[in-house]
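# Overview (structure and organization)
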Amino acid sequence: VQLVESGGGLVQPGGSLRLSCAASGFTFSSYRMSWYRQAPGKERELVARITDGGGSTMYANSVKGRFTISRDNIKNTVYLQMNSLKPEDTAMYYCKAFNYYLSQVYWGQGTQVTVSS
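Everything in this summary refers to the structure shown in the same document.

## A few points about the state of the cysteines
Covalent bonding between the sulfur atoms of two cysteines is what defines a disulfide. Applying the stated criterion across every chain yields a total of 1 disulfide. Note that Cys21 is cross-linked by a disulfide to Cys95, the S-S spacing being 1.9 Å. With a gap of 74 residues between them, Cys21 in strand E3 (residues 17–24) and Cys95 in strand E9 (residues 91–99) connect regions that are remote in the sequence.

Okay, here's the thing in structure tokens:
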């Protein structure tokens, strides 16, 4: 099982980034997918979540209207489009796969996002 995040980097305030998380080794379309982030000295927090079929999403209040989560169940990939980035969005971003019925959870290794001028 692998979850491999990519797309992080350094961006100026107001800029955009698109994170990707490529999954392998499990039935991706049966898992709810989420993006979390963790800033230095802070707890990991949920950023966005999407259901297995992609029909429903939810967002943390801090990113609502700026971030968009989506998934491609053919490519086994989940995305996080981040617009209007702020310095407080700086964190390590992780993707998570969750299947309620199997009680299985998988995490990626993370990708760093730094928003700074």
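## Comments concerning the side chain of Arg71
Mapping Arg71 onto the fold places it in strand E7 (residues 67–72). Despite being buried, Arg71 has no salt bridge partner; Asp52 is the closest side chain of opposite charge, sitting 6.0 Å away. A distance of 2.9 Å separates the side chain of Arg71 from the backbone oxygen of Thr51, its partner in a polar contact. Dropping the residues within four chain positions of it, Arg71 is found in contact with Phe28, Ser29, Tyr31, Arg32, Met33, Ile50, Thr51, Asp52, Gly54, Thr77, Val78 and Tyr79.

## Some words on the environment of Glu5
Mapped onto the fold, Glu5 is located in strand E1 (residues 2–6). Here Glu5 falls in the buried class, since its relative accessible area comes to 5%. In this structure the C-alpha to C-alpha distance between Glu5 and Leu85, which are 80 residues apart in sequence, comes to 19 Å. Excluding residues that lie within four positions of it along the chain, Glu5 makes contacts with Ser20, Cys21, Trp35, Tyr93, Tyr94, Cys95, Gly108, Gln109, Gly110 and Thr111. At a separation of 3.0 Å, a polar atom in the side chain of Glu5 contacts the main-chain amide nitrogen of Gln109. A polar contact is formed between the side chain of Glu5 and the backbone nitrogen of Gly110, at a distance of 2.9 Å.

## Quick word on the pattern of salt bridges
Scanning all chains against the criterion turns up 3 salt bridges. Here Asp89 and Arg37 are joined by a salt bridge, their closest N and O atoms 2.9 Å apart. Pair noted here: Asp89 is in the loop between strand E8 (77–82) and E9 and Arg37 is in strand E4 (residues 32–38), with a separation of 52 residues, a long-range link. Here Asp89 matches Arg37 in class, with each residue buried. In this structure, Arg66 and Asp89 form a salt bridge, with 2.8 Å as the shortest nitrogen-oxygen distance.

Parameters at a glance
Residues numbered from 1 in each chain as written. Predicted model: local features only at pLDDT ≥ 70, side-chain atom pairs only at ≥ 80, totals over all residues. Heavy atoms only, no water. Disulfide = S-S within 2.5 Å. Helix = DSSP H or I, 4+ residues; strand = E, 2+ residues; numbered from the N terminus. Buried < 20%, exposed > 50% of the residue type's maximum accessible area, 1.4 Å probe, protein only. Lys, Arg positive; Asp, Glu negative; His and termini not counted. Salt bridge = Lys/Arg side-chain N within 4 Å of Asp/Glu carboxyl O. Polar contact = N/O pair within 3.5 Å; in protein donor to acceptor, adjacent residues only side chain to side chain. Contact = heavy atoms within 4.5 Å.

Spatial relationships are all this shows, so hold off on functional conclusions.
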